[in-house]
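Architecture and fold: a report
Read off the chains here:
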Amino acid sequence: MHLSAESLDLQALLDKTADDRCGALVVFGGTVRLENEGQQVTAIDYTAHTALAEKTLREIEAEALERFGITHCRLQHRLGHLELGELSVLVVVRAGHRPEAFEAARWAIDTLKERVPIWKEEFYAAGGSEYLEGTPLQSKKSNRP
Amino acid sequence: MATYEIEMYGVLRRLAEAGVVSIEIEASQSTVQALLEELALAHPEVYDRLEQVACAIEDELVARDHSITPDQRLALIPPVSGG
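Please read all numbers here as calculations on a predicted model, not as lab measurements. (Residues numbered from 1 in each chain as written. Chains lettered and ligands numbered in written order. Predicted model: local features only at pLDDT ≥ 70, side-chain atom pairs only at ≥ 80, totals over all residues. Heavy atoms only, no water.)

**Here's the deal with the overall build of chain A**
- Scanning chain A from terminus to terminus reveals three helices and nine strands.
- Along chain A, helices (α) and strands (β) appear in the sequence β-α-β-β-β-α-β-β-β-α-β-β when read from the amino end.
- Structurally, chain A occupies a C-alpha span of about 50 × 50 × 25 Å along its principal axes.
- Counting all 145 residues of chain A, 46% fall into the buried class. (Helix = DSSP H or I, 4+ residues; strand = E, 2+ residues; numbered from the N terminus. Buried < 20%, exposed > 50% of the residue type's maximum accessible area, 1.4 Å probe, protein only.)

Pasting the structure below:
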């Protein structure tokens, strides 16, 4: 599963990807931050189109393997109500060597943020909440002439 | 006339005050674009957002000229902000 309503488990991902062929392990974790664009944040609600998000996360993992020649790429994203400091996303990459591991992990998180249908609603200390603007998905082009 | 259900996500859900809205259009006009045009009339509060919305049926993104049947639910995907 790539989406979870429960706390993300880094150790479980490390165990699942353990591989003696790999000399490099890169982990990226995103956490709920105190401040955004001048506002004090208290929490974030994450929601998703789960079927499309699961599929897109799988596609990004597969594309990372092919693009960078790495051995493992796993992505997990949390859904639901997260308090400050909680992990919202994990990227785990294992590869033979560090250059491709760093490069792939950076590409994977950047691509996740551009392509996966997940939305964050930030809650503020001053009251109220806002959906962040986000990145429009590339609409599918027409197949018709 | 046929009834179609449209799933709203992200900010659209807040603006429409609903996770799913129902739209009626002529069955002969049943493209994604026709549904979006009718949605804009029935829910003008989401009109400004539709230009940047991607459309999906189940786990597939679809073009706006894609034909749709009443047993399929159209999902509207506003700009994404995960991470």
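**Brief notes about the pairing of strand 1 (residues 2-8) of chain B**
All names here are of chain B.
- Among the seven residues that make up strand 1, five are buried, leaving the element largely enclosed by the rest of the structure.
- When strand 1 meets strand 2 (residues 20-25), the two strands line up antiparallel, connected through six bridges. Bridge pairing in strand 2 links Thr3 to Glu24.
- Two elements, strand 1 and strand 5 (residues 74-77), share three bridges in a ladder whose sense is parallel. Looking across to strand 5, one finds that Glu7 is bridged to Ala75. (Pairing = 2+ DSSP bridges.)

**What to know about the packing of aromatic side chains**
- Taken as a whole and judged by the stated rule, the model has two aromatic pairs over all chains.
- An angle of 20° between the planes, with centres 5.4 Å apart, marks the rings of Trp119 of chain A and Tyr9 of chain B as stacked. Taken together, the residues span two chains, with Trp119 of chain A in strand 8 (residues 118-124) and Tyr9 of chain B in the loop between strand 1 and helix 1 (11-16). Like Trp119 of chain A, the residue Tyr9 of chain B is buried in the burial classification.
- In this arrangement the basic side chain of Arg13 of chain B is found over the ring face of Tyr9 of chain B, its NZ or CZ atom lying 5.3 Å from the centre. (Phe/Tyr/Trp six-rings, centres within 6.5 Å; stacked < 30°, edge-to-face > 60°. Lys NZ or Arg CZ within 6 Å of the ring centre and 35° of its normal.)

**As for the side chain of Thr111 of chain A**
- Among the secondary structure elements, Thr111 of chain A is positioned in helix 3 (residues 98-115).
- Contact partners of Thr111 of chain A, with chain neighbours within four places excluded, come to Ile60 and Val116 of chain A. (Contact = heavy atoms within 4.5 Å.)

**Some points on the interface of chain B and chain A**
- Residue-level contacts link 26 residues of chain B with 34 residues of chain A.
- In this assembly, chain B packs against chain A so that about 2,500 Å² is buried in total across both faces, 54% of it on carbon and sulfur atoms.
- At the junction of chain B and chain A, the tally comes to two salt bridges.
- Glu60 of chain B is paired through a salt bridge with Lys55 of chain A; the nearest N and O atoms lie 3.0 Å apart.
- On inspection of chain B and its partner chain A, the count reaches 15 residue pairs in polar contact (both at pLDDT 80 or more).
- Mapped by element, the contributors of at least two residues to the side of chain B that touches chain A are helix 1, strand 3 (54-57), strand 4 (60-62) and strand 5 of chain B.
- The leading source of residues in the side of chain B that touches chain A is strand 4 of chain B, at three residues.
- Taken together, the residues that form the side of chain B that touches chain A break down as 13 nonpolar, seven polar and six charged. (Buried area = accessible area lost by both parts, 1.4 Å probe. Salt bridge = Lys/Arg side-chain N within 4 Å of Asp/Glu carboxyl O. Polar contact = N/O pair within 3.5 Å; in protein donor to acceptor, adjacent residues only side chain to side chain. Nonpolar A, V, L, I, M, F, W, Y, C, P; charged D, E, K, R; others polar.)

**Focus on the sheet that holds strand 3 of chain B**
All names here are of chain B.
- Read across the open sheet, the five strands follow the order 2-1-5-3-4; overall the sheet is mixed. At either end of the open sheet lies a strand with only one pairing partner, and these are strand 2 and strand 4. Across this sheet, the average inter-strand angle for adjacent strands is 35°, counted without regard to direction. (Axes fitted to C-alpha atoms, helices over the stretch in contact; angles between N-to-C directions.)

**As for the pairing of strand 5 (residues 72-78) of chain A**
All names here are of chain A.
- Strand 5 sits mainly inside the fold: seven of its seven residues count as buried.
- Where burial is concerned, the two faces of strand 5 agree: the one with His72, Arg74, Gln76 and Arg78 and the one with Cys73, Leu75 and His77 are both buried.
- In this sheet, strand 7 (residues 87-95) lies alongside strand 5 in antiparallel orientation, the contact comprising six bridges. When the sheet's bridge partners are listed, Cys73 is paired in strand 7 with Val93.

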